[in-house]
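# Secondary and tertiary structure notes
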Amino acid sequence: MSQYEFYEVIKKPPVAWVYLNRPDKKNAMNPPAWKESIPIFEDIDKDPDIRVAVIAGRGPCFSAGIDLMGMAGEMPELMDSDQKGGVKWSLLKKISAMQDAISCIEWCRKPVIAAIHGHCIGAGLDMATACDIRICAADAVFCLKEAAVGFVADVGVLQRIPRIVGQGFARELAYTAKTIDAQKAAQMLLVNEIYPDAAAVMEGAEKLAAQIADNPPLAVQASKDVLNHGAEKSVEDGLKYVASVSANIIPSKDLMEAIAAFSEKRKPVFTGE
Ligand SMILES: C/C=C/C(=O)SCCNC(=O)CCNC(=O)[C@H](O)C(C)(C)COP(=O)(O)OP(=O)(O)OC[C@H]1O[C@@H](n2cnc3c(N)ncnc32)[C@H](O)[C@@H]1OP(=O)(O)O
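A brief report on the enclosed structure follows.

Calculation criteria
- Residues numbered from 1 in each chain as written.
- Predicted model: local features only at pLDDT ≥ 70, side-chain atom pairs only at ≥ 80, totals over all residues.
- Heavy atoms only, no water.
- Buried < 20%, exposed > 50% of the residue type's maximum accessible area, 1.4 Å probe, protein only.
- Helix = DSSP H or I, 4+ residues; strand = E, 2+ residues; numbered from the N terminus.
- Arc of directions from axis to C-beta.
- Contact = heavy atoms within 4.5 Å.
- Near = heavy atom within 4 Å.
- Polar contact = N/O pair within 3.5 Å; in protein donor to acceptor, adjacent residues only side chain to side chain.
- Areas by Shrake-Rupley, 256 points an atom, 1.4 Å probe, with all protein chains shown as cover.
- Nonpolar A, V, L, I, M, F, W, Y, C, P; charged D, E, K, R; others polar.
- Phe/Tyr/Trp six-rings, centres within 6.5 Å; stacked < 30°, edge-to-face > 60°.
- Lys NZ or Arg CZ within 6 Å of the ring centre and 35° of its normal.
- Core = buried A, V, L, I, M, F, W, Y, C linked by side-chain atoms within 4.5 Å.
- Pairing = 2+ DSSP bridges.
- Axes fitted to C-alpha atoms, helices over the stretch in contact; angles between N-to-C directions.
- Salt bridge = Lys/Arg side-chain N within 4 Å of Asp/Glu carboxyl O.

Moving on, we come to helix α12 (residues 253–263). All of the buried residues along α12 are Asp254, Glu257 and Ala261. Looking down the long axis of α12, one finds its buried residues gathered within 55° of arc, a one-sided arrangement. The exposed set on the far side of α12, more than 90 degrees from its buried face, consists of Ile259, Phe262 and Ser263. Looking at the buried side of α12, the elements it contacts are α10 (217–230). Looking one or two places after α12, you find Lys265, whose phi comes out positive at around 55°.

Listed below in structure tokens is the structure:
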């Protein structure tokens, strides 16, 4: 039995699988979805046996986005046409909490792979773009749908997607709210790889996770940290930052192990120390 209401977390060290698990509602993200992601990714961050996480959807798709009916009850401010200042102030706090529910994927120091099949809409795409790597099945469809539903996408996708696909494609997706298929998503580099079906994309994620987990965890996690830090900085800022991170993770036992294993012609065993 999963300890979470919306997600199912299965740890198969060194990989943690985080499933969006509300298949009868196309994994529409209801109130528990927005509360449970933070403790899940904090736990993955601190679990020494886990080196990589994969997010995937149970059932027919990755996610049909925010639970339109379920979240309206949680945020009565959305329906309050006579909004006074205090109402907006409380809405601001709730939006910020929802942003954190997506950003926690980026804050997690372990790399996170999104393995996508079927619909990946609105909040589903918001979540996928906070992941380090996206791969998908041939049946995947993507939609930055918020504008079509009357929202400005406010939980991070407008900040993150231009860095992945560039400003031109980001603006096309945001303004038109059009649905694109897997081929188009790959062409704009939104996904790294297309697999024939859902089973194949999960296998692909497993292999990718294993390749990442084979490397010294400190070096991988420091790479994520430096890539996150560098996303909006100049090369010069990035170089100063990486020098400091690098000085903090070397020397390590894993570095010695890599050198020893190379000279002894054997596979290294990395421990994260
Ligand atoms: C900050 C974030 C903002 C956003 O995320 S904005 C985007 C919000 N999402 C949407 O606008 C998408 C809404 N859903 C759909 O358009 C359709 O679904 C799909 C195209 C994804 C799939 O269509 P089909 O295959 O015909 O399935 P079905 O019968 O519509 O859905 C199955 C059950 O899932 C529920 N459901 C689907 N999406 C949502 C949703 N986003 N919020 C709440 N419920 C949803 C339905 O109602 C239904 O339920 P029942 O079987 O009880 O009738």
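There's plenty left to go through after this.
Let's shift gears to the site of the ligand. Around the ligand sit 18 residues in total, of which Lys25, Lys26, Ala64, Ile66 and Ala123 are the nearest. Lys26 places a side-chain nitrogen or oxygen 2.7 Å from an oxygen atom of the ligand. Within the contact set of the ligand, a nitrogen atom lies 2.9 Å away from a backbone nitrogen or oxygen of Ala64. For the ligand, whose accessible area on its own is 970 Å², the fraction buried by protein is 66%. Put simply, the parts of the chain that give the shell around the ligand at least two residues each are α2 (68–74), β5 (119–121), α4 (123–129) and α5 (146–149). Each residue belonging to the shell around the ligand can be placed in one class, and the counts come to eight nonpolar, three polar and seven charged.

It is worth spelling out the packing of aromatic side chains at this point. For the coordinates displayed, the defined rule picks out two aromatic pairs. Pairing Phe6 with Tyr7 gives two aromatic rings, centres 4.7 Å apart and planes at 85°, and the pair type is edge-to-face. Like Tyr7, Phe6 is buried. On the numbers, 5.9 Å between centres and 15° between planes, the contact of Trp17 with Tyr19 is stacked. In this structure Trp17 comes out as buried when scored by relative accessible area, which is 4%. Its end group placed over the ring of Tyr19, Arg58 keeps NZ or CZ at 3.6 Å from the ring centre.

Looking now at the nonpolar core. Membership of the largest hydrophobic core comes to 53 residues, with the highest contact counts inside it found for Tyr7, Trp34, Phe41, Ile55 and Phe142. The leading source of residues in this core is helix α3 (residues 85–107), at six residues. In this structure, Phe41 is in contact with Val18, Ala53, Ile55, Cys104, Ile105, Cys108 and Val112, ignoring residues within four places of it in sequence. Within the second largest apolar cluster, 18 residues are counted, among which are Ala115, Ile135, Ala205 and Ala209.

Attention shifts here to the sheet that holds strand β8 (residues 179–181). Taken together, the three strands give an open sheet; going across it, the order is β5-β7-β8, and neighbouring strands pair in mixed fashion. If you trace the sheet from one side to the other, it starts and ends with β5 and β8, each paired once. Averaged over all adjacent pairs, the angle separating strand axes in this sheet is 20°, with direction ignored. Sheet topology note: the β5/strand β7 (residues 141–143) ladder contains three bridges and is parallel. By the bridge assignment, Ile121 is partnered in β7 with Cys143.

The next point concerns the pattern of salt bridges. One pass over the structure, following the stated rule, counts twelve salt bridges. Glu106 is paired through a salt bridge with Arg160; the nearest N and O atoms lie 2.7 Å apart. You can see Glu106 sitting in helix α3 and its partner Arg160 sitting in helix α6 (residues 157–165), a full 54 residues away along the chain. Here Glu106 falls in the partly exposed class, since its relative accessible area comes to 27%. Residue Lys253 is joined to Glu273 by a salt bridge in which the shortest nitrogen-to-oxygen separation is 3.4 Å. Here Glu273 lies in the segment after α12 and Lys253 lies in helix α12, a separation of 20 residues in the sequence. Connected via shared salt-bridge partners are Lys11, Asp43 and Asp47.

Across a regular strand the side chains alternate sides, sitting on one face of the sheet and then on the other. Judged from the six bridges that link them, strand β1 (residues 7–12) and strand β2 (residues 15–20) form a sheet pairing that is antiparallel. Bridge assignment links Tyr7 to a residue of β2, and that residue is Leu20.

Let us look at the environment of Glu106. Spatially, the C-alpha atom of Glu106 lies 5.8 Å from that of Ala130, the residues being 24 residues apart in sequence. If we skip the residues at most four places from it in the chain, Glu106 touches Ala130, Arg160, Lys224 and Asn228. A distance of 2.7 Å separates a polar atom in the side chain of Glu106 from a polar atom in the side chain of Arg160.

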